[in-house]
Amino acid sequence: MSNPAVPPRSLAEALRARDDVSLAALLRARPDLITPVPTDLTQLATRAGTRASVVRALERLDRFALQTAEALAVAADPASNGELLALLTGDGGDPAVSAALPRALGTLREQALVWGDDDRLRLVRTARELLAPAPQHPSPTGLGPTVHEATSGMSPGRIQDIVTAAGLGSTHDSVSAVASLTALFTDRGRMSALLAGLPEESREVLSRLVWGPPYGQVTAEPAAHLRRLLDLGLLVPTAPGTVVLPREVALHLRGGRAHREVEPLPPTVSPAATHRPQVVDATAAGQAYTALATVEELLKDWDEGGPAVLRAGGLSVRDLKRTAVALDVAEPVAAFWVELAYAAGLLASDGEADERYAATPAHDEWLEQPPARRWAHLAEAWLTATRVSGLVGGRDAKDRTLSTLGPGLDRSAAPEVRRRVLTLLAGLPEGASPSRESVLARLRWERPLRGPQREDDLRSRLAEWTLTEAELLGVTGRGALSGHGRALLGATVPKTPDRVPEGPGDKLPVHHRSTVGPVHQGSTVLPVHQGPTVTEPLSPAEQATASAAAARLLAPLLPEPLDHVLLQADLTAVAPGPLRRSLAEVLDVLADVESKGGATVYRFTPGSVRRALDAGQSASDLHAFLAAHARTPVPQPLTYLIDDVARRHGHLRVGAASAYVRCDDDAVLNEILADKRAAGLRLRRLAPTVLAAQADPASLLEGLRAMGFAPAAESAEGDVLITRAHAHRTPPRTAPEPVPDGPPIPDATLLSAAIRAIRAGDLASTTPRRQTDRSLPAGGELPRTSSAETLATMQAAVLTGEALWIGYVNAEGAASQRVIAPVRVEGGFVTAYDHTADEVRTYPLHRVTGVAELAEE
């Protein structure tokens, strides 16, 4: 490691001064830095300064940390802690900013965006380029260029004129003249006197530019008050007709502040209403049951094969409308349920030539689970999915419409935003529902947009959709997070008299992205900015445990399925609650659903009874079923309806000739032939009890039923065909994989291995070599020695126990340098302890390019 008493001269030296805990915090906060693992700390520092990596790190800063970085970008390089604080607080000071600044600097140091001690703070060069003011990308501070930058293209004579007009002594060169002008603009007393002598119109011009943008337009012949500002250098021309307010002048007019408003603390998520936790849980449980019923109804509607897949993928607008009507919901809500079933692996495309959507085999397994477990499966899929149904109907980058189940709906930030929104709700008192505005304000503070704020930014829309979808799914109730919703996050569920955890899984730690330890900068230990708590996703095992805990909490709140209905004289049946699946399946065939809600109303019609008879039921079966499951006596009209339809059912038989009709009663056939509505069927008598038709059997069945008859289809052997719905299933399908939001956060094992490899590689690259050794290369090249010299040096090192520096080329041709301590040399191989890999390894001598002895110190 570097000497902590010597200030670092580069980011690499600053990283070299860190301990392993601090390096782990850096790699955890910026996982892209170890993909792949750097060979040493110099390469790590180089990678940390690349544009893509710095942009990603800046986008993940909270507002105050970003404002601190923006202030450093307009400060001198390097800047002291006092100068930075003055830029953030101005002349008046701000205790809140002073208290929050060490934490913000800790974050910037932890993420290697700032390095150096408190007297010489340096923003990494790429970050300064991104955040410093420039004509192409104005600074969020609204400041312009410095006097030195603004006058860089000005003639020496013009600079001397400005210095003279400002009352300063003339100099012999432009550099000293600009330095003298800068000293004037940064001297509060002299600057105040200079501005006091300006006319009111001139000061008004400066006030319009002071908070940005700092650029203005002037005519070829500016007015006297503008000419005065140009003569004094308070405005500097940058192009014909364009002037800029120098940074030093703007800072004086602002009272030394770099930002108009500094936000050192996150906005508070304020409750909009408070309800009893029991009411919240009951409301959420009711909605959770509705969610299960809706998904089941959707998949039942697509049981025999759903809508066709568009050529470009996804569901057509027409099919989405049909699905919304079938579910009795709005189209955006229907898109949410379809996408949720897809994310849970319950539906997919069948992959056939005439490709259609259908339920997957996993759907049948899902139906066999208890309701609470089925809900937990849906909620877990929603929480981790990157597909966003709220985007349906919008346009992609190529101006194509985004469709349900189609491509282009993945947003990698969605899981993080969902979990963060729910975590904010979990931070409120039980039963408290937040105002949407306070949630959005908090999220914008935690991840501000660089540049102008937009009300329709993606994170805000994701947060709004999360609040709506959580209520639809039953994670929240009346806007507040439920007990089973807390458990789904892995949070501790408070124990109340009616909410007692039933197992150890009901109490789980909340996982947050936090620092591993303090950041060491030289001999100074800096506090790490905890900032806003950004929730990390749980591991698959942890999430499974959390989902099981949520299911246990939800199970007692869900209504028990009923095994009975209430029959009424108007040929309807009322289900006062959820029905057992076996009862519901038979009722769905025997009757038509008339209305839904807290109670489902079924209506019996001749067509629905005939449907049950076609499915193989007999009249006695139907009477027995209704008697067994009715809490009220079976009404006489319903008994008559079943008997009447059954008496006529199958009296006519339809088969395939093209098609034929046969009946033992020739009077019925005479009636059919005489009916004008039968003309389209083109019937003719083949025998007293048989009619032939030009139509196919299905059309003949439909036509005769439209005429009021109740024909039954028969097979080639003359048996009645029993028509049952045949479920269509896709081949086994896995749920869609979420699109990752950058490299995954490394676990402790990977961090430990990566840091060990980086330290070892750094040792190999920085270990001193003997300067008198002729094998020592120049310019960082590998050492070069002859085979005999390499062998002799290796054998000598075995006897003395000294370490050597070698160049090595592996079987793939990749060259590296290593520090080894040879243990044995024989058979063309050297066995040595490799300090770079931190283990004993064996190397072929013919792959060693050369060897050099290390300096004795």
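Above this text you will find the structure in question.
Residues numbered from 1 in each chain as written. Predicted model: local features only at pLDDT ≥ 70, side-chain atom pairs only at ≥ 80, totals over all residues. Heavy atoms only, no water.

Summing up its helical and strand segments, the chain has 33 helices and 29 strands in all. In the chain, buried positions account for 48% of the 857 residues. Sequence-distant contacts in the chain: of pairs separated by 6 or more residues, those separated by 24 or more amount to 66%. In the form shown here, the chain has an accessible surface area of approximately 39,800 Å², with 54% of it arising from carbon and sulfur atoms. (Helix = DSSP H or I, 4+ residues; strand = E, 2+ residues; numbered from the N terminus. Buried < 20%, exposed > 50% of the residue type's maximum accessible area, 1.4 Å probe, protein only. Contact = heavy atoms within 4.5 Å. Areas by Shrake-Rupley, 256 points an atom, 1.4 Å probe, with all protein chains shown as cover.)

So, about the pairing of strand 29 (residues 848–853). Judged by how many residues are buried, strand 29 sits mostly within the fold: five of six residues are covered. Two strands pair when backbone bridges link them, and strand 25 (residues 804–809) and strand 29 are joined in this way by five bridges, in the antiparallel orientation. Looking across to strand 29, one finds that Trp805 is bridged to Ala852. (Pairing = 2+ DSSP bridges.)

Counted according to the given criterion, the structure contains three aromatic pairs. Pairing Tyr808 with Tyr843 gives two aromatic rings, centres 4.8 Å apart and planes at 65 degrees, and the pair type is edge-to-face. Of this pair, Tyr808 sits in strand 25 while Tyr843 sits in strand 28 (residues 839–844), and the two are 35 residues apart along the sequence. By relative accessible area, Tyr808 is classed as buried at 10%. Overall, the relative accessible area of 4% leaves Tyr843 in the buried class. Between the NZ or CZ atom of Arg374 and the centre of the ring of Trp366, over which it lies, the distance is 5.4 Å. (Phe/Tyr/Trp six-rings, centres within 6.5 Å; stacked < 30°, edge-to-face > 60°. Lys NZ or Arg CZ within 6 Å of the ring centre and 35° of its normal.)

With respect to the secondary-structure elements, Arg759 resides in helix 32 (residues 748–766). Along the backbone, Arg759 and Arg16 are 743 residues apart, and their C-alpha atoms lie at a distance of 8.7 Å. At 2.6 Å, the side chain of Arg759 forms a polar contact with the backbone oxygen of Arg18. A polar contact is formed between the side chain of Arg759 and the side chain of Asp20, at a distance of 2.9 Å. (Polar contact = N/O pair within 3.5 Å; in protein donor to acceptor, adjacent residues only side chain to side chain.)

What follows deals with the nonpolar core. In terms of nonpolar packing, the biggest core is built from 90 residues, with Phe185, Leu234 and Leu235 touching the most fellow members. Ranked by the residues each element gives to this core, the list is headed by helix 5 (residues 63–74), at eight residues. Within the second largest apolar cluster, 71 residues are counted, among which are Tyr357, Trp375, Leu424 and Leu440. (Core = buried A, V, L, I, M, F, W, Y, C linked by side-chain atoms within 4.5 Å.)

Where helix 13 (residues 200–209) contacts helix 14 (residues 224–232), the axes come no closer than 8 Å and their chain directions differ by 65 degrees. Here helix 13 lies roughly perpendicular to helix 14, going by the angle between them. For the pair helix 13 and helix 14, the sense of crossing is right-handed. Within the contact between the two elements, helix 13 uses Glu201, Ser202, Val205 and Leu206 and helix 14 uses His225, Leu226, Arg228 and Leu229. Per-class residue counts for the contact of helix 13 with helix 14 are four nonpolar, two polar and two charged. (Axes fitted to C-alpha atoms, helices over the stretch in contact; angles between N-to-C directions. Parallel < 35°, antiparallel > 145°, perpendicular 65-115°, else oblique. Left-handed = near helix turned anticlockwise from the far one by under 90°. Nonpolar A, V, L, I, M, F, W, Y, C, P; charged D, E, K, R; others polar.)

In this structure, Gly431 sits in the loop between helix 21 (414–426) and strand 9 (432–434). Each C-alpha atom, one on Gly431 and one on Leu481, is 7.0 Å from the other, the two residues being 50 residues apart in sequence. In this structure, Gly431 is in contact with Ala273, Thr274, His275, Val280 and Ala480, ignoring residues within four places of it in sequence.

This part is about the pattern of salt bridges. A full pass over the atoms with the stated rule returns 34 salt bridges. Of the charged contacts in the structure, one is a salt bridge between Glu296 and Arg374, with a shortest N-O distance of 2.1 Å. Separated by 78 residues along the polypeptide, Glu296 in helix 16 (residues 277–301) and Arg374 in helix 20 (residues 371–384) bring together distant segments of the chain. For Arg374, a relative accessible area of 6% gives the class buried. The closest approach of N and O atoms between Glu339 and Arg387, which form a salt bridge, is 2.8 Å. On the criterion of sequence distance, the pair formed by Glu339 in helix 18 (residues 331–343) and Arg387 in the loop between helix 20 and helix 21 is long-range, its members being 48 residues apart. Here the two residues Glu339 and Arg387 agree in accessibility, since each one is buried. (Salt bridge = Lys/Arg side-chain N within 4 Å of Asp/Glu carboxyl O.)

The next thing to look at is the side chain of Thr294. In this fold, Thr294 is placed in helix 16. Exposure remark for Thr294: the relative accessible area of 11% places this residue in the buried category. Beyond its immediate chain neighbours, meaning those up to four positions away, Thr294 contacts Leu327 and Trp337.

Here we take up the sheet that holds strand 26 (residues 815–826). Strand order in this open sheet of five strands is 28-27-26-25-29, and the pairing throughout is antiparallel. Whereas interior strands pair on both sides, the edge strands pair on one side only; in this sheet they are strand 28 and strand 29. Ignoring which end each strand starts from, the neighbouring axes of this sheet average 45 degrees apart.

On to unusual backbone geometry. In this model, Thr35 is joined to Pro36 through a cis peptide bond whose omega is -5 degrees. Mapped onto the elements, Pro36 comes out in the loop between helix 2 (20–29) and helix 3 (41–48). Note the cis peptide between Asp77 and Pro78, where omega equals 5 degrees. As for its placement among the helices and strands, Pro78 is situated in the loop between helix 5 and helix 6 (81–89). A positive phi is found at Arg478, a non-glycine position, where the angle reads about 55 degrees. In this fold, Arg478 is placed in the loop between strand 10 (476–477) and strand 11 (480–481).

Everything listed here is a matter of geometry and, on its own, says nothing about what the molecule does.
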